[in-house]
Amino acid sequence: MWQNSDEQPDVFLFLASHERLSPEEVVEICAIDQMNRWHSGREFPVERYFESLATVRLDKRLKLGLVQDEFQCQSERGLSPDVDSFVKRFPELAEILPALLPVGNLPTVERRQEAIRGEGHLVDGRSDIFSLGIVFYELLAGRRPFQQNRLEHTVATELPSLRQIDDSISRELERICFKALSYRVSDRYGAAAEMAADLRAFLQHGPVSAGRPHRASGLSDQQLSATTGPLTNEAGIQIVPKGLRSFGRDDAGFFLELLPGPRDREGIPESAQFWKNRIQAPESETFRVGVIYGPSGCGKSSFLKAGVIPLLSEDITPVYIESTPLETESRLLKALRKSCSELSPDLGLAESLTALRRHGAEKSGRRVLIVIDQFEQWLHSRSHEDSSELLRALRQCDGAHLQCIITVRDDFWMAVTHFMNELEVNLVPGNNLAAVDLFDLRHAKRVLTAIGRAYRILPINAQEIGKDHKAFVSKAIADLARNDRVVPVQLALFAEMIKD
């Protein structure tokens, strides 16, 4: 309409003769018209569109895009637009305009989903990263990632895999894009500099595979979630199901692929990377005692044994035990003596940890990490009076030479809180506290599909998995789910029951 025209066309006449256009298409046309008017020196207040176009006027989401465009046009003309004046012009948008108007030239309808959902108080720089992710997705795929009404949703939306659209797109670029597009704000990059660092590393070195366990096959080539991010597939490595047994160090080659959540550029889930970074942090930044909690059957033991511990550097000496009602202290002392040969056999538990803190670990330059799994077993059987031995021992943890992580069921939260108070250790999310949750439905389907392929119940080649296979998996997950969550151990038990 504007091409090869010296005069400004009548956009309203055009729209009147094209009544079948969608509201989103109407806004796109108005946005182009508005830009042309301002850039040609014909100031055109956005209210003129609203007066003539009831469809746009009555839709706050569409209206917001044109208001942002006028603000941007005024900025580009050097008019220094005032945010307060725009708020006065559009009082119905007053809650979200102050957070949105400074945004640059990003897609109008899809800007800052938190504000458009009425969550303007949650808007920060990570909202711009989401918008940048939209631009990046469109650059890679040649189309936008979401339908226009996506911002009205209050749950995560599944995105088509970029590699399904174009298999020449690097898995690393796909990961970066999906991390920026994570529905949960906390799952996105914390700052644009972090995203830039990943892109710069990709340009300089390409995808990274060194320093991380091999990936497993079976979890890719499906729809991807903007919350979870892509799970890639590299042929040659198969998942080895363990039934009801927990995974261990020998399973580290594929276990990380079973974990939900976003990945870093080495393919490590951020849930595991969090503990790796916190354990290996400098003395002034690390923790003394940490807690991993979650519901029964969520996989806390596997998460530590096959996920976190194999990632640790060689200067970390892990000492792992499973707690019992009566033998936790003796098991820990035995494990310490086995891993730290310099300990005198005449020392008790507290004295051994004191010796490690003062002399042993310091001389060797290592850090001893005590891992007490299933700590609810100990908490359930002990009263305050008879818990002094373990308390006295763990109070020796200083973070520099001695650390401890305990895992506990979430229904023992109050008991573990009292225990940590006795240790004089504050539980701080993001520092020494994190949860292991049950699987959501999407991830449960991926894991069950992977187990089915490992048992040869489903085709090894993902392209051969048909509608009947997918329908079976979906029905199984729906039957196993409670409140849209699936217990991982129940998933494993189901697979064991039907494998033959």
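Fair warning: this is a prediction, and the values are worked out from it, not measured in the lab.

Caption draft 1: Broad picture of the overall build of the protein. Across its full length, the protein carries 23 helices and nine strands. The contacts in the protein between residues at least 6 apart in sequence include a share of 68% that link residues at least 24 apart. For the protein, the computed accessible surface area is about 23,800 Å², with 50% contributed by carbon and sulfur atoms.

Caption draft 2: Looking closely at the pairing of strand β3 (residues 289-294). In terms of residue burial, β3 counts as a mostly covered element, since five of its six residues are buried. With six bridges connecting them, β3 and strand β6 (residues 402-409) associate as parallel partners. When the sheet's bridge partners are listed, Tyr293 is paired in β6 with Val408.

Caption draft 3: How the structure looks around helix α23 (residues 488-498). Along α23, the residues that are buried comprise Pro488, Leu491, Ala492, Phe494 and Ala495. Mapping the buried residues of α23 onto a view down its axis gives an arc of 160°, with all of them on the same face.

Caption draft 4: Layout of the sheet that holds β6. Strand order in the open sheet made by the five strands is β4-β5-β6-β3-β7, with parallel pairing throughout. The open sheet is flanked by β4 (316-322) and β7 (433-435), the only strands paired with a single partner. Here the strands of the sheet are splayed against their neighbours by 15° on average, with no regard to which way each runs. Here strand β5 (residues 367-373) pairs with β6 via five bridges, running parallel. Note on β6: the bridge partner recorded for Ile372 is Ile406.

Caption draft 5: Highlighting the packing of aromatic side chains. One pass over the full model with this rule turns up ten aromatic pairs. Their ring planes at 75° and their centres at 5.0 Å tell us that Phe274 and Trp275 sit as a pair that is edge-to-face. For Phe274, a relative accessible area of 21% translates into the label partly exposed. Residue classification places Trp275 among the buried positions, given a relative accessible area of 1%. Within the aromatic cluster, the residues linked to one another by ring pairs are Phe247, Phe254 and Phe255.

Caption draft 6: Expanded view of a nonpolar patch on the surface. A surface patch of nonpolar side chains, about 620 Å² in accessible area, is lined by Leu244, Ile457, Phe472, Val489, Leu493, Met497 and Ile498. Here the element with the most residues in the nonpolar patch is α23; it accounts for four residues.

Caption draft 7: Examining the packing of helix α11 (residues 171-180) against helix α12 (residues 192-205) more closely. Where α11 contacts α12, the axes come no closer than 10 Å and their chain directions differ by 175°. By the angle class used here, α11 and α12 are roughly antiparallel. On α12, the residues that touch Glu172, Leu173, Arg175, Ile176 and Ala180 of α11 are Met195, Asp198, Leu199 and Phe202.

Caption draft 8: Here's a closer look at the confidence of the model for the protein. In this model, the protein carries an average pLDDT of 80, and 80% of its residues clear a pLDDT of 70 or more. Confidence drops under a pLDDT of 50 for residues 103-112, and excluding neighbours within four residues, the segment shows 43 contacts in the predicted structure. The low-confidence segment residues 209-237, where pLDDT is below 50, has 108 contacts with residues more than four positions distant or belonging to other chains.

Caption draft 9: Representation of the state of the cysteines. Scanning the entire structure with this criterion turns up zero disulfides. In this model Cys404 remains outside any disulfide bridge; the closest cysteine sulfur is found in Cys397, 5.3 Å from its own. When its relative accessible area of 0% is taken as the criterion, Cys404 is described as buried.

Caption draft 10: Quick peek at the nonpolar core. Core analysis: the largest hydrophobic core is formed by 46 residues, its most contacted members being Trp275, Ile279, Phe303, Ile405, Leu448 and Leu491. Among the elements of the structure, α13 (252-255), α14 (270-279), α15 (300-308), β5, α21 (441-454), α22 (467-480) and α23 are those that each provide at least two residues to this core. The biggest single contributor to this core is α21, with six residues. Excluding anything up to four places from it in sequence, Ile279 contacts Thr286, Phe287, Val308, Leu312, Ile316, Arg367, Leu369, Gln403 and Ile405.

Caption draft 11: Molecular detail of the environment of Ala272. Position of Ala272 among the secondary structure elements: in helix α14. The spatial distance from the C-alpha of Ala272 to the C-alpha of Phe303 is 7.7 Å, given a sequence separation of 31 residues. In contact with Ala272, other than residues within four places in its own chain, are Leu256, Phe303, Gly307, Val308 and Leu311.

Caption draft 12: Expanded view of the side chain of Lys242. Among the secondary structure elements, Lys242 is positioned in the loop between β2 (224-225) and α13. For Lys242, the side chain forms a polar contact with the side chain of Asp251, separated by 2.8 Å. With near-sequence residues (within four places) excluded, Lys242 lies in contact with Phe247, Gly248 and Asp251.

Caption draft 13: Highlighting the pattern of salt bridges. A complete count under the given rule lists 15 salt bridges for this structure. When the shortest N-O distance is used, the salt bridge between Lys499 and Glu496 registers 3.3 Å. With a relative accessible area of 31%, Lys499 lands in the partly exposed category. Residues joined in a network through salt bridges with shared partners are Glu47, Glu70 and Arg89.

Caption draft 14: Representation of helix α20 (residues 413-423) within the structure. Looking only at α20, the buried set comprises Val416, Thr417, Phe419, Met420 and Leu423. Along α20, the residues classed as buried sweep out an arc of 165° about the axis, all on the same side. On its buried face, α20 sits against β3, α18 (376-381), α19 (388-394) and β6. Glu424, located one to two residues past α20, shows a positive phi value of around 60°.

Caption draft 15: Layout of the environment of Ser388. Among the secondary structure elements, Ser388 is positioned in helix α19. In this structure the C-alpha to C-alpha distance between Ser388 and Glu422, which are 34 residues apart in sequence, comes to 9.5 Å.

Reading the values: the criteria
- Residues numbered from 1 in each chain as written.
- Predicted model: local features only at pLDDT ≥ 70, side-chain atom pairs only at ≥ 80, totals over all residues.
- Heavy atoms only, no water.
- Helix = DSSP H or I, 4+ residues; strand = E, 2+ residues; numbered from the N terminus.
- Contact = heavy atoms within 4.5 Å.
- Areas by Shrake-Rupley, 256 points an atom, 1.4 Å probe, with all protein chains shown as cover.
- Buried < 20%, exposed > 50% of the residue type's maximum accessible area, 1.4 Å probe, protein only.
- Pairing = 2+ DSSP bridges.
- Arc of directions from axis to C-beta.
- Axes fitted to C-alpha atoms, helices over the stretch in contact; angles between N-to-C directions.
- Phe/Tyr/Trp six-rings, centres within 6.5 Å; stacked < 30°, edge-to-face > 60°.
- Patch = residues over 30% accessible without salt bridge, like charges linked within 9 Å, V, L, I, M, F, W, Y side chains within 5 Å.
- Salt bridge = Lys/Arg side-chain N within 4 Å of Asp/Glu carboxyl O.
- Parallel < 35°, antiparallel > 145°, perpendicular 65-115°, else oblique.
- pLDDT = per-residue confidence, 0-100.
- Disulfide = S-S within 2.5 Å.
- Core = buried A, V, L, I, M, F, W, Y, C linked by side-chain atoms within 4.5 Å.
- Polar contact = N/O pair within 3.5 Å; in protein donor to acceptor, adjacent residues only side chain to side chain.

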